[in-house]
Amino acid sequence: MQRIKYHLLVLTVFLLSACYNNGPITPDAWDLTEKQLDSISFSTTHHYSQNYNFVVYAKSLPLSDQPGEMAFDTLYVVEGERLVVADITTVPTDSIDSVWVKVARDQLTQGWIRESEMLEGVSPDDPISQFIDFFSDTHLLVFLAFLIVVTVAYGLYRLNRHESYIVHFRDIDSFYPTLLCLLIASSATLYASIQMFGAESWRHFYYHPSLNPFALPLHLGLFVASVWAIIIVAVAALDDVLRHLSGADALLYLGGLAGVCAVDYVVFSVSTLYYIGYLLLIAYFLFAIRRYTHAAHHHYVCGKCGALLSEKGRCPHCGTVNT
């Protein structure tokens, strides 16, 4: 027993007196040059830096051989060409834009351009960023709003006259189409809210997009998660529509559903910019849920053929009496 106590005491003293390893002596991680610090600061505020890739979507962009002035032997890069940021400098004497960026298409085609002029004619070389550009075009939204509202209003009128199935009005026995409309309306409202109240975080996301909602700030993560939810619910809605309807009825219903979703996107993304969208979203939720709950639903299944029935009794498909 005395021997065991002795060994425990020695072990305790050994553990408490163990040497602490401070690790190898390395230079300070923040012991950077002034140029490196400037690059980090620029990347923080402008969200891109050297070696960042862009795609030209303007008809052409002029490149000068020197920052601060446009030379006579100006080079041009044209739509569709890819550029890489080679250098960034400031020209305090430039009254238009003090930030000049050197971009290169290849070893022979490279030059300087004002940042403001460059950003108006390029998009990050990433499909997500380019998709954002497409749906953020104000002129496109206004045109789509007018075209979609007129087309959908006429289409719903025609469908209603022919007593076709229409989401929110003469719906099928599935909540997925209604849920899809509500998700798109909510996502459009959230998207516009981020544009208004989190513009810088959205700009950073634009330059460094991700489809992983857990790798983003909360508001951006919620938006990306809602996009994933839209895709999943859209697949479920498509499957349910094809299960309930067939042929022309299914095509008409899916066309009407696509039109309603398009109207939801345009109306809520635009109206939220004027703070009206929040009230409209609440009203739309109440309207959509009320319309669905008051619609006729199938609560029974035929015991012989498996057809959905709204009430017990004779099955209209196989004639079996269900009690």
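Values in this document were obtained by computation on a predicted structure and should not be read as measured data.

Caption draft 1: Structural context of the nonpolar core. Core analysis: the largest hydrophobic core is formed by 28 residues, its most contacted members being Y48, F54, M118 and W202. Listed by contribution, the elements that provide at least two residues to this core are β1 (53-56), β2 (60-63), β4 (82-90), β5 (99-104), α6 (176-197), α7 (199-207) and α8 (218-244). Ranked by the residues each element gives to this core, the list is headed by α7, at 4 residues. Setting aside its immediate chain neighbours within four residues, M118 contacts Y48, F54, L61, V101, V103 and I113. I172, C181, L245 and L281 belong to the second largest nonpolar core, which has 24 residues in total.

Caption draft 2: Summary view of the sheet that holds β1. Across the sheet, which stays open at both edges, the 5 strands sit in the order β6-β5-β4-β1-β7 with antiparallel pairing between neighbours. The open sheet has two edge strands with one neighbour each: β6 (110-114) and β7 (122-124). Across the sheet, the axes of successive neighbouring strands diverge by a mean angle of 40 degrees, strand direction being ignored. In the sheet, β4 pairs with β5 via 6 bridges, with the strands oriented antiparallel. When the bridges of β5 are listed, T89 appears paired with W100. The strands touched by helix α4 (residues 127-136) are β1 and β7; relative to β7, the strand with the most contacts, the crossing angle is about 130 degrees.

Caption draft 3: Representation of the side chain of E81 in the model. Position of E81 relative to the elements: it lies in the loop between β3 (75-78) and β4. Judged by its relative accessible area of 18%, E81 is buried. Side chain to side chain, E81 and R105 meet in a polar contact 2.9 Å long. Those residues in contact with E81, other than ones at most four positions away along the chain, are F54, V55, V56 and R105.

Caption draft 4: Fine view of the packing of helix α9 (residues 247-271) against helix α10 (residues 277-293). Relative to each other, α9 and α10 sit at 145 degrees, their axes nearing to 8 Å. Along its contact with α9, which presents V260, D264, V267, F268 and S271, the element α10 presents G277, L280, L281 and Y284.

Caption draft 5: Region of interest: a nonpolar patch on the surface. On the surface, a cluster of nonpolar side chains totalling about 500 Å² of accessible area is made up of V267, V270, L273, Y274, I276 and L280. You can see I276 is positioned in the loop between α9 and α10.

Caption draft 6: Up close: the packing of aromatic side chains. Taken as a whole and assessed by the stated rule, the structure comprises 16 aromatic pairs. On the basis of an interplanar angle of 70 degrees and a centroid distance of 5.8 Å, the ring pair of Y52 and Y207 is categorised as edge-to-face. You can see Y52 sitting in the loop between α2 (34-46) and β1 and its partner Y207 sitting in helix α7, a full 155 residues away along the chain. Classification of Y207 as buried rests on a relative accessible area of 6%. Considering the side-chain rings of W202 and F223, the 5.7 Å spacing of their centres and the 80 degrees angle between planes classify their relative orientation as edge-to-face. Residue W202 is found in helix α7, and its partner F223 is found in helix α8; the two are separated by 21 residues along the sequence. Each member of the pair, W202 as well as F223, is classed as buried.

Caption draft 7: Local environment of the side chain of T109. As for its position among the elements, T109 is in the loop between β5 and β6. Only 2.7 Å separates the side chain of T109 from the side chain of R105, close enough to count as a polar contact. Beyond its immediate chain neighbours, meaning those up to four positions away, T109 contacts L75, V77, V103 and A104.

Caption draft 8: Up close: the pattern of salt bridges. Counted under the stated rule, the structure contains 6 salt bridges. The salt bridge involving K59 is made with E79; its shortest N-O contact spans 3.7 Å. A residue pair is termed long-range when its members are at least 10 positions apart, and K59 in the loop between β1 and β2 and E79 in the loop between β3 and β4 qualify at 20 residues. On the basis of relative accessible area, K59 is assigned to the exposed category, the value being 70%. Here R105 ties to D106 by a salt bridge, and the two come within 3.0 Å at their closest N and O atoms.

Conventions and cut-offs
Residues numbered from 1 in each chain as written. Predicted model: local features only at pLDDT ≥ 70, side-chain atom pairs only at ≥ 80, totals over all residues. Heavy atoms only, no water. Core = buried A, V, L, I, M, F, W, Y, C linked by side-chain atoms within 4.5 Å. Buried < 20%, exposed > 50% of the residue type's maximum accessible area, 1.4 Å probe, protein only. Helix = DSSP H or I, 4+ residues; strand = E, 2+ residues; numbered from the N terminus. Contact = heavy atoms within 4.5 Å. Pairing = 2+ DSSP bridges. Axes fitted to C-alpha atoms, helices over the stretch in contact; angles between N-to-C directions. Polar contact = N/O pair within 3.5 Å; in protein donor to acceptor, adjacent residues only side chain to side chain. Patch = residues over 30% accessible without salt bridge, like charges linked within 9 Å, V, L, I, M, F, W, Y side chains within 5 Å. Areas by Shrake-Rupley, 256 points an atom, 1.4 Å probe, with all protein chains shown as cover. Salt bridge = Lys/Arg side-chain N within 4 Å of Asp/Glu carboxyl O. Phe/Tyr/Trp six-rings, centres within 6.5 Å; stacked < 30°, edge-to-face > 60°.

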